[in-house]
Every structure is written in structure tokens, then in C-alpha cells.
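Chain by chain, the residues:
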Amino acid sequence: MIRAYKFLIRPTVGQAQALGEMLRDHCSLYNGALQERRDAYRHVSKTSIKYGQQSAQLKDIRAFDPQRQGRWSFSSQQATLRRLDKAFAAFFRRVKAGRTPGYPRFRGVNRFDTVEFPKDGDGCRWDSTPHDPVTRVRLQGVGHVKINQHRPVAGRVRTVSVKREGNRWYVILTAEQGDCEPLPPTGSVVGIDLGIANFLADSGGGFVPNPRHARAAAAKLEAAQQALSRCKRRSNRREKTIRRIGDLHRKVRRQRLDHAHKAALGLVREHDFIAHEDLKIRNMLAAPAPKPDPDQPGVFLPNGAAAKAGLNRSISDAGWGVFLTILHAKAESAGREVIAVDPRNTSRECPECGHTAKENRPTQEKFHCVACGHRAHADTVGAINVLRAGLARRDARQG
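Residues numbered from 1 in each chain as written. Predicted model: local features only at pLDDT ≥ 70, side-chain atom pairs only at ≥ 80, totals over all residues. Heavy atoms only, no water.

A.B. asks: What should I look at first to understand the sheet that holds strand 11 (residues 273–277) in this one?
C.D. replies: Through backbone hydrogen bonds, the strands of a sheet pair up, either in parallel or in antiparallel fashion. One open sheet holds the five strands; their spatial order is 10-9-8-11-14, and the pairing between them is mixed. In this open sheet, the two strands that pair with only one neighbour each are strand 10 (207–209) and strand 14 (337–341). Strand-to-strand twist across the sheet, computed as the mean angle between neighbouring axes with direction ignored, equals 20°. Here strand 11 runs beside strand 14; their pairing, made up of five bridges, is parallel. When the bridges of strand 14 are listed, Phe273 appears paired with Glu337. (Pairing = 2+ DSSP bridges. Helix = DSSP H or I, 4+ residues; strand = E, 2+ residues; numbered from the N terminus. Axes fitted to C-alpha atoms, helices over the stretch in contact; angles between N-to-C directions.)

Okay, here's the thing in C-alpha cells:
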């Protein structure tokens with residue numbers, strides 16, 4: 001299996017400048033290759049340029065501009081061109097599927113933040129000074145850069161990527177590992193119901209509270225955005241405010257990721273089988289369609305867009321998609337089984353008598369079966385039904 005590691009880089013002033021120049025030149029290569037593809041297609045001949053043709057030009061580009069493009073790793077530049085080729089492949093795939101195409105765009109220097117080295121030892125070297133107690137990574141054109149390695153890397157390093165986040169630099173490794181040793185069985189099974197009032201409820205009656213990280217940082221973000229609106233354009237104060245806003249958003253993202261890791265790890269350690277709802281989060285975040293007034297052309301009726309926007313913010317703040325991705329990855333490495341089930345009517349079906357009705361759930365939290373009178377927390381009922389559906393699906397798959 002492949003595992004990713006992310007470590008903080010601590011470059012010197014000169015190395016930080018070289019890293020910035022590396023990003024700048026790779027961004028220039030990306031934009032130049034994009035412009036070439038656009039110009040070729042706009043020509044009368046409607047020529048399509050592929051990755052192989054652009055990769056073959058790298059040797060001449062490096063010879064023509066040795067002070068910039070010639071400084072960096074050839075394979076990393078190929079990875080940048082491959083990145084553009086993937087963007088065009090995704091564009092044509094969306095066109096074919098009838099979705100919003102999203103034509104590849106030119107990247108500004110501040111929006112191009114990653115350079116990939118496809119192979120350890122080709123333009124880069126992880127742990128380049130093994131005799132040194134401080135871990136370092138060697139990058140062509142930059143040198144041996146210190147790494148804050150907070151945990152050991154298991155397996156053989158395959159790729160190395162350098163990423164800028166605000167004023168910080170990170171190295172991201174992918175390492176190839178053998179089969180992980182599974183955790184000892186516990187004999188426990190659980191179903192989970194994801195929500196907003198509580199982050200999740202399990203079939204045993206337990207709850208994990210929703211930390212609402214974005215809401216906790218909303219006041220600081222609002223003050224920073226107001227300060228940004230008062231800044232003059234192209235001023236030092238504006239640049240500092242922009243960096244502060246970015247730092248606040250990155251802090252929220254790290255907090256959300258940390259909470260997702262801890263919640264998923266607790267489930268994986270305690271249960272052999274985990275069932276969850278197969279949520280279509282992208283569809284849940286869709287804005288409501290406008291409602292034209294049939295009596296007044298050009299006038300629209302209320303469609304609940306404001307309330308839906310607030311719900312969408314709460315769903316995004318909960319980070320269900322991130323949590324489920326982490327849960328599946330941890331379960332795979334621990335030898336646990338995770339199954340997604342259809343979420344329809346899971347919180348409306350009575351776990352005692354099986355009666356399903358909208359009236360069974362009078363409020364967001366309360367469940368009261370109108371047939372047998374069973375009472376419980378609505379999220380707990382949903383988790384119980386999710387577990388039953390997951391076990392039934394597992395038995396059908398094994399049978």
C-alpha cells in the first residue's frame with residue numbers, strides 16, 4: 001500500500017528564496033504550455049498538442065534559458081507538464097459527461113504552490129545526509145534543506161513534492177509499504193449517523209460533538225475581512241492582512257483534519273465492522289433552484305436560499321467528506337471493514353417495529369414512532385438502521 005507523509009521544511013533565507021524561484025519558473029512553464037495548447041487549437045488547423053510533444057521541447061527550453069528553466073530538475077518539469085495534461089483530460093471528460101467543463105486556467109504565482117519530483121533520487125533525495133542527526137532533503141537548485149521529521153517514514157520513498165502554504169514550506173512523501181499488520185479483533189460492530197448538531201452518533205447511543213471550527217473562527221475572519229476592505233491596494237498592510245486571512249483558514253483546515261483523524265482512529269480501534277451512510281455531499285451542497293412567479297414575469301418567489309446557504313456552511317464546516325476518506329484509509333490499514341449504505345429513511349424507520357413514516361421524527365433530535373410508541377434520539381435510530389443495513393449488505397456479499 002501507499003502512504004503519504006507531510007513534514008515541515010525549515011529552509012535558510014537563501015533556500016527559501018530559491019524555493020520561491022522554483023515555484024515561479026514551474027508556474028511559468030505551466031502557463032507557457034497552456035498558452036501553446038490554446039494557440040494551436042485556435043489555429044485554422046485545430047491542432048491538438050499532447051504531453052509527449054511538449055515534453056520533447058524541454059531540452060531546447062532548458063538550453064535557451066539556463067538561468068531559470070535550466071536550473072531545475074528535468075523530471076519535475078515533466079511532472080508539471082503532466083499536471084497540465086491531466087487538467088485537459090479532466091476538462092474533456094467533463095465535456096463528454098455533459099457537466100460544466102471548467103477549461104484549464106492560467107495560474108498566478110501565488111496560486112501555483114506545488115512542485116512534484118516523480119522519483120526519489122531523480123532531482124531530489126530524501127534523507128540526503130544520513131550521517132547528520134538532522135533529516136534533510138536535497139532538491140536540485142536549492143540544496144540540502146532541513147526537515148522537521150516528527151515521525152519515522154516506513155517503506156521505500158517513491159515521490160517527493162514541495163508545497164508552499166502561506167509562509168511555510170512542506171515536503172510531502174509517498175512511500176510504498178508492505179501489507180500492514182491488522183489490529184487484533186474486538187468482536188464489535190457499529191453503525192454511525194453523521195450530523196450537524198452532533199458530528200456523529202453511533203448505534204450504541206454514543207455521540208461525538210461537532211466542534212464547529214469555522215464558526216469558532218468566524219469573528220476573527222470577519223474582522224480580518226473588514227480590515228482588508230479598508231486597506232489600500234498594493235500596500236504592505238494589505239499584504240499582511242491577506243496573509244493573516246490565509247493563516248486563519250489554514251488553522252481551521254488543520255483543526256478539522258485533526259478532529260477527523262481522532263474520530264476515525266477511535267472507531268477503527270474499537271470496532272471490527274463500521275457502517276455509514278453513503279452521502280452524496282456534493283448534491284447536498286447544491287443551491288435551491290429559483291422559483292419564478294407565474295403571475296409576475298421577472299419576479300421570483302422565496303425558495304429558502306438563505307436558509308440553505310446556512311445549512312451548506314454547517315455541512316462544509318463539519319467536514320464529512322474528509323472524515324469518511326480518512327476512515328476508509330485507516331480501516332484498510334487496520335484490517336477493518338467499512339460499508340456504505342443507502343441513507344434513505346434511516347432516521348424515519350422504527351428499529352422496534354419497522355414502521356416508516358415522516359411523522360416518526362417530529363423534531364431534528366426526537367424520534368417517536370406513531371405505530372408502537374418507541375422513543376429515542378433520532379440520530380441514534382439512524383445509526384441503528386445504518387448498522388442493520390450494513391450487516392445485511394455484508395451477509396449478502398459473503399453469501
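Having put the structure on the table, let's press on.
A.B. asks: Explanation requested: the packing of helix 6 (residues 218–229) against helix 7 (residues 236–270) in the structure shown.
C.D. replies: Angle between the axes and distance between the axes are the two parameters that describe a pair of packed helices. Remark: helix 6 packs on helix 7, axes separated minimally by 9 Å, with the N-to-C direction vectors making an angle of 160°. Our classification of the angle between helix 6 and helix 7 gives roughly antiparallel. Once helix 6 is placed against helix 7, the crossing between them reads as left-handed. Packed against helix 6, whose contacting residues are Lys220, Leu221, Ala224, Gln225, Ala227 and Leu228, the element helix 7 presents Arg238, Thr241, Ile242, Arg244, Ile245, Leu248 and His249 at the interface. Class assignment for the residues of the contact of helix 6 with helix 7 results in seven nonpolar, three polar and three charged. (Parallel < 35°, antiparallel > 145°, perpendicular 65-115°, else oblique. Left-handed = near helix turned anticlockwise from the far one by under 90°. Contact = heavy atoms within 4.5 Å. Nonpolar A, V, L, I, M, F, W, Y, C, P; charged D, E, K, R; others polar.)

A.B. asks: Quick question: what am I supposed to make of the side chain of His259 here?
C.D. replies: With respect to the helices and strands, His259 occurs in helix 7. When neighbours within four sequence positions are excluded, His259 is seen to be in contact with Phe199, Val208, Pro209, Pro211 and His213.

A.B. asks: What's the story with the environment of Glu270 in this structure? I'm lost.
C.D. replies: Relative to the elements of secondary structure, Glu270 occurs in helix 7. Through-space distance from the C-alpha of Glu270 to that of Ala329 is 16 Å; in sequence the pair is 59 residues apart. The residues contacting Glu270, other than those within four sequence positions of it, are Thr186 and Ser188.

A.B. asks: Just to check I follow, could you spell out the pattern of salt bridges for this structure?
C.D. replies: Two side chains that carry opposite charge are able to pair once their charged atoms sit near each other. In total, this model carries 18 salt bridges according to the counting rule given. As a salt-bridge pair, Asp25 and Arg68 come within 2.8 Å of each other at their nearest N and O atoms. Highlighted residues: Asp25 in helix 1 (residues 13–42) and Arg68 in the loop between helix 3 (58–64) and helix 4 (74–97), separated in sequence by 43 residues. Look at Arg68 and you get partly exposed, because its relative accessible area is 32%. For Asp379, the salt bridge identified is with Arg361, shortest N-O distance 3.7 Å. Of this pair, Asp379 sits in helix 11 (residues 378–398) while Arg361 is found in the loop between strand 14 and strand 15 (366–368), placing the two residues 18 residues apart along the sequence. Via salt bridges that share partners, Lys6, Lys163, Glu165 and Arg253 belong to a single interconnected network. (Salt bridge = Lys/Arg side-chain N within 4 Å of Asp/Glu carboxyl O. Buried < 20%, exposed > 50% of the residue type's maximum accessible area, 1.4 Å probe, protein only.)

A.B. asks: Which parts of the structure should I look at to understand unusual backbone geometry?
C.D. replies: Glycine aside, residues mostly have negative phi angles, and peptide bonds mostly take the trans form. Phi angles above zero are rare outside glycine, and Asp127 is one such case at about 55°. Here Asp127 shows up in the loop between strand 3 (124–126) and strand 4 (136–139). Taking relative accessible area as the criterion, Asp127 reaches 34% and is therefore assigned partly exposed. A positive phi angle, close to 65°, is found at Asn345, a residue other than glycine. Relative accessible area serves as the criterion here: at 38%, Asn345 is assigned to the partly exposed category.

A.B. asks: Help me understand helix 4 in this model?
C.D. replies: An α-helical turn contains 3.6 residues, so any two residues separated by three or four positions project in the same direction. Taking 1.5 Å per residue as the helical rise, helix 4 with its 24 residues ought to reach 34 Å, and the 35 Å between its terminal C-alpha atoms agrees with that figure. Listing the buried residues of helix 4 in full gives Ser75, Ser76, Gln77, Gln78, Ala79, Thr80, Leu81, Leu84, Phe88, Ala90 and Phe91. Elements that come into contact with the buried residues of helix 4 comprise helix 1, helix 2 (51–56), helix 3 and strand 2 (114–117). Gly98 sits one or two residues past helix 4 and shows a positive phi near 80°. (Expected span 1.5 Å × (residues − 1).)

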